[in-house]
Amino acid sequence: MSLCRLLLRSLRRSPTVQLQPISVTVRSFAFSSAEEAAAERRRRKRRLRIEPPLNAIRPPPQQAPSRDPNAPRLPDSTSALVGPRLSLHNRVQSLIRAGDLDAASAIARHSVFSVTRPTVFTCNAIIAAMYRAKRYNEAIALFHFFFNQSNLVPNIVSYNNVINTHCDEGRVDVALEVYRHIIANAPFSPSPVTYRHLTKGLISAGRIDEAVDLLREMLNKGHGADSLVYNNLISGFLELGNLEKANELFDELKERCLVYDGVVNATYMEWFFNKGRDKEAMDSYKSLMDRQFRMTPATCNVLLEVLLKHGKKTQAWTLFDQMLDNHTPPNFQAVNSDTFNIMVNECFELGKFDEALATFKKAGTKPNSKPFAMDVAGYNNIIARFCENGMLSEAETLFEELCSKSLSPDVPTHRTLIDAYLKMERIDDALRVFNRMVDAGLRVVASFGNRVFDELIKNGKAIDCAQILSKMGEKDPKPDPTCYEVVIKGLCAEGLLDKSRELLDEVMRYGVGVTSALREFVIELFKKAGRGEEIERVLDMNRLGYSPRPSAPRPTYRPPPVKPPSQMTGAHNPSSGPPQQMAAQQRPPWSSAQMAGVHNPPSGFMAQMTAQQHPPLPSAQMAGVNNPHPPSRSPPQVSGQQHPPLPSQMTGMHQPSWGVSPPMTGPRMPAAGHSPYPSGQPYHPPSELPPHMTRVAPQMAANHHAPSRPSPQMARHQPYGTPYGSQQMAEQHYPPSGLTASVAGQHQPLSGSTPPMSGSPHPSHGASAKMSMPYDIARGPSSQMTGPYHPSSGTPHHFEESHQQQSEVPEQVAA
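From a predicted model like this one, the values you see are computed outputs, not experimental measurements.

A tally of regular secondary structure across the chain gives 32 helices and 4 strands. Looking at the 815 residues of the chain, the share that counts as buried comes to 46%. Sequence separation of 24 or more characterises 75% of the internal contacts of the chain that already satisfy a separation of 6 or more. Total accessible area on the chain stands at roughly 42,300 Å², and carbon and sulfur atoms take up 54% of it.

This is the structure:
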């Protein structure tokens, strides 16, 4: 009891404890109720079932095994012919169809060096086009360029093209070497087409026994019996009069192939007809027809030609009707445009023009046969036949019919009509079709375009020709320069100088180029009209739209003063005070500045060194020893213009990092076509700069050694020097640094035509450097080293220049 009282008493005496309110954090949920949350979970599950994540339906990507570097590379597949490469292929093919093989070859070759490299199919297309045009040397050169020099991988079609070219040129042994190369190195085997070309070449060269051996080799390698290879051998033995050996090979072919190509029978028919054995020829033809083969259009076309050639007209028309009846596309293609061309040409030879048009539109009579959808080649043939016979109304009707379909007339179509109109002296119609051809974006070859332009100008259509040529220039590839020459001369002959000037302006703007004959012609003509300065300004204009100014004449050469030998010792004076100066004797003046061996002298003094080749000096200080003396004076001022301190940069030459001088292994030359200014300044050739930027002042041309004066000054300052003009580096004061600029060699001149001049290295501690062609140099009491330049007799300057070492030192260039 007493214990309870004590406890109560102690509680009464203790201070009152104030309880702090407990704050309960209320969590806010995304859903207003549990039912809503459950509904959301069910919705997400349904969505995952409908659209599962990619990692659920696709296994994780496994790293492909590394490719064996020794394994041969495979040629492009057809899947590579997409996007820009497909556009390039179509562009080359369009030029090939237009007959401009030179432009097609140029585009294909230039694309090798671009991002969009050509596929093997594009290369094969231009090589095959050169072969069809009998430009065999160019076909072989293109094969060598694409597949040997440009590292593209050829396929079997590429090899077949070059084998066929060599065989037609009579170089069968070279073709056999290509064949052996395929077997030894290519990741594929020769195709039957390879053996066709080789056997044909060997038979043409009178080596039919080797052709038979090649046939046996083909069969031993597992290739099937190819009818055309057998046909080559059969034809060879028939030409030799060995009918027994030909029949033996034919029987072997029939044993190996249940269905063979009917071209073999056409070969027998041709030989029998030539021998006057028509009955045996027709027996061979009937034996083939009795087999009831579904022959391709290529085979049937050969049979049609043989029958028509030897007067078997009835059999030829019967075969043609049978081919039309068997034409059931898309299941079987029994005819093509060549089939119709053969029969249409036969009608024109017989003078049956109406029958020719009916044959052109003829179709099969069987219920399941379908009419042939004529292509552009078929229309071109019949339009050309009508134009040859002077029936332009029928040709125009067919041309309009061609345009009304989903077909587009190509270059041969327009060329045929234009030639026919010019022949009939229908100039307006020729001009209309020519305009349509250019509007369609078709390529106008230089030979055809010059002929049409010449005829139109003779008939007073010079203005229209200029308009057409302007439209041609808006598209690529640009017209040939000779086209511009023909039209501009025609305009000038009619006194239309303003229009000819506009065309010349387009030529210079597009970068097409002006022929020397055209340049002389227009300059002489415009000078007679009192507009010589105007036309010269146009002809000197470049693509950027401004005319360059010719550079001023170079200053005359002043011989260097003769120095006593005591001043050529090159002793180094390490005392502080006056700057160390090294100057070279004056060479003949050059248009390009040569700068070499530039290092920073002690702060406050301007070290000027011009490049010169010196023999090795024994002095250690001349090899790059630092100058231990601190700077003592402020940097000199440049008279005429004061530049603020600029970051270290070089204009037209290499600028190494500050304080470090890595050796240069070769001359630093500005790349052709690119700005040699790393600092972003535009590049201007010397001929495009104003005279004050390309001319070297006479007082700067020679190296005058004047008495010392308190502050060296330059008599003339060149703003924005060029890589081929006199260059100057604006001085900038830098605090002394402890880095030593080690000199590994000398700078090369920036122009390859200038003699090599290099200066001996001079150490520095972070002072400004200024360098130019030999100017009046402030001389002090310190030692000076000068020496005349003695080039080796008979040694070109650029040869000596390539053997000089390069040194890169901190330099400051006037921006």
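Now for the side chain of Asp 325. Note that Asp 325 resides in helix H17 (residues 313–325). No salt bridge is formed by the buried Asp 325. Its closest oppositely charged neighbour is Lys 366, at 5.4 Å. The residues touching Asp 325, leaving out its near neighbours within four places in the chain, are Gly 364, Thr 365, Lys 366 and Ser 369.

The residue Gly 351 is located in the loop between helix H18 (337–349) and helix H19 (353–360) in this model. Classification of Gly 351 by relative accessible area gives partly exposed; the value is 40%.

As for its placement among the helices and strands, Ile 427 is situated in helix H23 (residues 427–439). A relative accessible area of 12% means that Ile 427 is categorised as buried. When the C-alpha positions of Ile 427 and Leu 456 are compared, they lie 7.0 Å apart, and in sequence the two are 29 residues distant. Apart from residues lying up to four places away in sequence, Ile 427 is in contact with Leu 422, Leu 456, Asn 459 and Lys 461.

The predicted model of the chain averages 74 in pLDDT, with 62% of residues at 70 or higher. Across residues 22–26 the pLDDT falls below 50, and counting only partners more than four positions away or on other chains, this stretch makes 0 contacts in the model. For residues 565–815, every residue scores under 50 in pLDDT, and the model assigns this stretch 530 contacts once sequence neighbours within four places are set aside.

Attention now moves to the pattern of salt bridges. Throughout the structure, instances matching the rule amount to 39 salt bridges. When the shortest N-O distance is used, the salt bridge between Glu 138 and Arg 135 registers 2.6 Å. Across the salt bridge formed by Glu 401 and Lys 405, the nearest N and O atoms sit 3.8 Å from each other. Owing to a relative accessible area of 40%, Lys 405 belongs among the partly exposed residues under this scheme. Put simply, Glu 396, Arg 426, Asp 429 and Arg 432 are held in one network by salt bridges that share partners.

If you walk through the whole model with that rule in mind, you get 21 aromatic pairs. A ring pair is formed by Phe 250 and Tyr 268, whose centres lie 5.3 Å apart and whose planes are at 40 degrees; its orientation type is tilted. Placement of Phe 250 in helix H13 (residues 243–256) and of Tyr 268 in helix H14 (residues 263–274) is noted, with a sequence separation of 18 residues between them. No difference in accessibility class separates Phe 250 from Tyr 268, as the two residues are buried. Ring plane angle 75 degrees and centroid distance 5.2 Å describe the contact between Phe 360 and Tyr 379, whose orientation is recorded as edge-to-face.

Turning our attention to the packing of H18 against H19. H19 packs onto H18 with a crossing angle of 170 degrees between their chain directions and a minimal axis gap of 8 Å. In this view, H18 runs roughly antiparallel relative to H19, as classed from their interaxial angle. The residues of H19 that touch H18, namely those facing Phe 340, Met 343, Val 344, Cys 347 and Phe 348, are Phe 353, Glu 355, Ala 356, Thr 359 and Phe 360. Classifying every residue of the contact of H18 with H19 by side-chain character gives 8 nonpolar, 1 polar and 1 charged.

Along the chain, Ala 186 falls in the loop between helix H9 (172–185) and helix H10 (192–204). Note on Ala 186: relative accessible area 17%, which makes it buried. For the pair Ala 186 and Pro 72, spaced 114 residues apart in the sequence, the C-alpha separation amounts to 7.4 Å.

All right, on to unusual backbone geometry then. Between Pro 329 and the following residue, Pro 330, the backbone shows a cis peptide bond with an omega angle of 0 degrees. Looking at the secondary structure, you find Pro 330 in the loop between H17 and H18. Omega for the peptide link from Asp 476 to Pro 477 comes to -5 degrees, which places this bond in the cis form. Looking at the element boundaries, Pro 477 is found in the loop between helix H25 (462–473) and helix H26 (481–493). Backbone geometry places Lys 134, a non-glycine residue, at a positive phi of 60 degrees. By the secondary structure assignment, Lys 134 is in the loop between helix H6 (120–132) and helix H7 (136–149). Its relative accessible area of 62% is what places Lys 134 among the exposed residues.

A few words on helix H16 (residues 297–309). Counted at 1.5 Å a residue, the expected span for H16 with its 13 residues is 18 Å, and the 18 Å between its end C-alpha atoms agrees. By the burial criterion, the buried members of H16 are Pro 297, Thr 299, Cys 300, Asn 301, Leu 303, Leu 304, Val 306, Leu 307 and Leu 308. On its buried face, H16 sits against H14, helix H15 (278–290), H17 and H18. Among the residues trailing H16, Gly 311 stands out with phi positive, at a value near 80 degrees.

Let us now look at the packing of H17 against H18. For the pair H17 and H18, interaxial distance at closest approach is 11 Å and the crossing angle is 145 degrees. The interaxial crossing formed by H17 with H18 has left-handed handedness. From H17, Lys 313, Ala 316, Trp 317, Phe 320, Met 323 and Leu 324 reach across to H18, where they touch Thr 339, Phe 340, Met 343, Glu 346 and Cys 347.

A separate point is a positive patch on the surface. Together, Arg 41, Arg 42, Lys 45, Arg 46 and Arg 49 line one region of the surface with positive charge. Tracing the backbone through its elements, the reader meets Arg 46 in helix H2 (residues 34–50).

Under the 1.5 Å per step criterion, the end-to-end length of helix H12 (residues 227–239) is 18 Å for 13 residues, consistent within 8% with the ideal 18 Å. The buried fraction of H12 is high, at 10 of 13 residues. Every buried residue belonging to H12 is among Ser 227, Val 229, Tyr 230, Asn 231, Asn 232, Leu 233, Ile 234, Gly 236, Phe 237 and Leu 238, and all of these are buried. Check the buried side of H12 and you find it contacts H10, helix H11 (208–220), H13 and H14. Taking the backbone nitrogen of Leu 228 as reference, a side-chain oxygen 3.2 Å away marks Asp 226 as the first, capping residue of H12. Of the residues trailing H12, Gly 241 is marked for its positive phi of about 80 degrees.

It is worth spelling out the side chain of Ser 150 at this point. Within the element layout of this structure, Ser 150 appears in the loop between H7 and helix H8 (156–168). With residues near it in sequence (within four places) discarded, Ser 150 still touches Val 112, Arg 117 and Phe 145.

Conventions and cut-offs
- Residues numbered from 1 in each chain as written.
- Predicted model: local features only at pLDDT ≥ 70, side-chain atom pairs only at ≥ 80, totals over all residues.
- Heavy atoms only, no water.
- Helix = DSSP H or I, 4+ residues; strand = E, 2+ residues; numbered from the N terminus.
- Buried < 20%, exposed > 50% of the residue type's maximum accessible area, 1.4 Å probe, protein only.
- Contact = heavy atoms within 4.5 Å.
- Areas by Shrake-Rupley, 256 points an atom, 1.4 Å probe, with all protein chains shown as cover.
- Lys, Arg positive; Asp, Glu negative; His and termini not counted.
- Salt bridge = Lys/Arg side-chain N within 4 Å of Asp/Glu carboxyl O.
- pLDDT = per-residue confidence, 0-100.
- Phe/Tyr/Trp six-rings, centres within 6.5 Å; stacked < 30°, edge-to-face > 60°.
- Axes fitted to C-alpha atoms, helices over the stretch in contact; angles between N-to-C directions.
- Parallel < 35°, antiparallel > 145°, perpendicular 65-115°, else oblique.
- Nonpolar A, V, L, I, M, F, W, Y, C, P; charged D, E, K, R; others polar.
- Expected span 1.5 Å × (residues − 1).
- Left-handed = near helix turned anticlockwise from the far one by under 90°.
- Patch = residues over 30% accessible without salt bridge, like charges linked within 9 Å, V, L, I, M, F, W, Y side chains within 5 Å.
- Charge placed at Lys NZ, Arg CZ, Asp CG, Glu CD.
- Polar contact = N/O pair within 3.5 Å; in protein donor to acceptor, adjacent residues only side chain to side chain.

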